[in-house]
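Residues per chain, in single letters:
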Amino acid sequence: MTEPHLLIRLAEDDDDFILSLVPRFVDFTLPPWRRRHECIEGIRDDLLKHLEDQPANSYLFVAENADGERVGFIHLQRTEDFFTGRSNCHISDLAVVPQHERQGVGKALLAHAEAWAREHHCQLVTLAVFPGNEGARALYEASGYAPDLLRLAKAVR
């Protein structure tokens, strides 16, 4: 696989494109207590808030290929590490257009996040992923990401 030539730029008038990729975040087996439509709605609402309000420490980037076609996006948030108080870069969302999967787009977006984190003097790049999202987990692990904290859940209904 060759690395794609991508332009990764701040999102501008890309709301519809970004929101169209939200179903990608739950396109796998979810934990039994999660409902697909609730996850989609929650992610969509959160992204829309960040797109509309543009809060401090929230940065959305869009990846375009050599033809100017939008092929993915990444949402970074600058956070404070609970243990050290230092700055971290949290990858809140990362999605690739299905037709461009396994072409290096996700890897390029991760590299962009890491470069951004270094530029902004962050200690860590963090992210969360559903256990059933095997494709994303494989990408993250191949890129050197490892568990930091493990969040467990139990439904009590």
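Anything mentioned here points back to the structure above.
Just so it is clear, the structure is predicted and the values come from calculations on it, not from any experiment.

Enquirer: Give a detailed account of the side chain of Ser58, specifying residues and quantitative values.
Expert: Topologically, Ser58 is positioned in strand β2 (residues 58–64). Take Ser58: its relative accessible area is 13%, and that puts it in the buried class. In terms of polar contacts, Ser58 uses its side chain to reach the side chain of His50, at 2.7 Å. Here the side chain of Ser58 touches His75 through a polar contact of 2.8 Å, side chain to side chain. Apart from residues lying up to four places away in sequence, Ser58 is in contact with His50, His75, Leu76 and Gln77.

Enquirer: So, the nonpolar core: which residues are in play, and what are the values?
Expert: Of all hydrophobic cores here, the largest spans 21 residues; its most connected members are Ile74, Leu76, Ile91 and Leu94. Listing elements by their share of this core, those giving two or more residues are β2, β3 (70–80), β4 (87–96), α3 (105–119) and α4 (134–142). Sort the elements by how many residues they give to this core and α3 lands first, with seven residues. Residues within four places of Ile74 in sequence aside, it is in contact with Tyr59, Leu60, Phe61, Ile91, Asp93, Leu94, Leu109 and Ala113. Counting 14 residues, the second-largest nonpolar core is a separate cluster that includes Phe17, Phe25, Leu47 and Val62.

Enquirer: So, the environment of Arg44: which residues are in play, and what are the values?
Expert: Inspection of the secondary structure puts Arg44 in helix α2 (residues 36–53). Linking Arg44 and Val22, residues 22 residues apart in sequence, is a C-alpha distance of 6.3 Å.

Enquirer: Provide a residue-level description of the packing of aromatic side chains, including the pertinent values.
Expert: Considering all chains together, one arrives at five aromatic pairs under this definition. Ring centres of Phe82 and Phe83 lie 5.1 Å apart, and the angle between their planes is 90°; on these two criteria the pair is classed as edge-to-face.

Enquirer: Go over the pairing of β4 with me, naming the residues and quoting the values.
Expert: Extensive coverage of β4 is indicated by the burial of eight of its 10 residues. Strand direction decides the pairing type here: β3 and β4, joined by nine bridges, are antiparallel. The residue bridging Phe73 from the neighbouring strand is Ala95, located in β4. Connecting the antiparallel pair β3 and β4 is a turn made up of six residues, with Gly85 showing a positive phi of about 80°. Both β4 and strand β5 (residues 124–127) contribute to a ladder of four bridges, which runs parallel. Counted as the bridge partner of Cys89 is Val125 from β5. Handedness of the β-α-β unit built from β4, α3 and β5 comes out right-handed.

Enquirer: I'd like a rundown of a nonpolar patch on the surface, residues and numbers included.
Expert: Where nonpolar side chains cluster on the molecular surface, the patch consists of Phe82, Phe83 and Leu149 and spans about 450 Å² of accessible area. On the secondary structure map, Phe83 appears in the loop between β3 and β4. Given a relative accessible area of 59%, Phe83 falls into the exposed group.

Enquirer: I'd like a description of the sheet that holds β3, backed by residues and values.
Expert: Pairing is mixed across the open sheet formed by five strands, whose spatial order is β1-β2-β3-β4-β5. At either end of the open sheet lies a strand with only one pairing partner, and these are β1 (7–10) and β5. Neighbour to neighbour, the strand axes of the sheet diverge by 30° on average, direction disregarded. Pairing between β1 and β2: four bridges, direction antiparallel. If you follow Arg9 over to β2, its bridge partner there is Val62.

Calculation notes
Residues numbered from 1 in each chain as written. Predicted model: local features only at pLDDT ≥ 70, side-chain atom pairs only at ≥ 80, totals over all residues. Heavy atoms only, no water. Helix = DSSP H or I, 4+ residues; strand = E, 2+ residues; numbered from the N terminus. Buried < 20%, exposed > 50% of the residue type's maximum accessible area, 1.4 Å probe, protein only. Polar contact = N/O pair within 3.5 Å; in protein donor to acceptor, adjacent residues only side chain to side chain. Contact = heavy atoms within 4.5 Å. Core = buried A, V, L, I, M, F, W, Y, C linked by side-chain atoms within 4.5 Å. Phe/Tyr/Trp six-rings, centres within 6.5 Å; stacked < 30°, edge-to-face > 60°. Pairing = 2+ DSSP bridges. Right-handed = clockwise from strand over helix to strand, strands pointing away. Patch = residues over 30% accessible without salt bridge, like charges linked within 9 Å, V, L, I, M, F, W, Y side chains within 5 Å. Areas by Shrake-Rupley, 256 points an atom, 1.4 Å probe, with all protein chains shown as cover. Salt bridge = Lys/Arg side-chain N within 4 Å of Asp/Glu carboxyl O. Axes fitted to C-alpha atoms, helices over the stretch in contact; angles between N-to-C directions.

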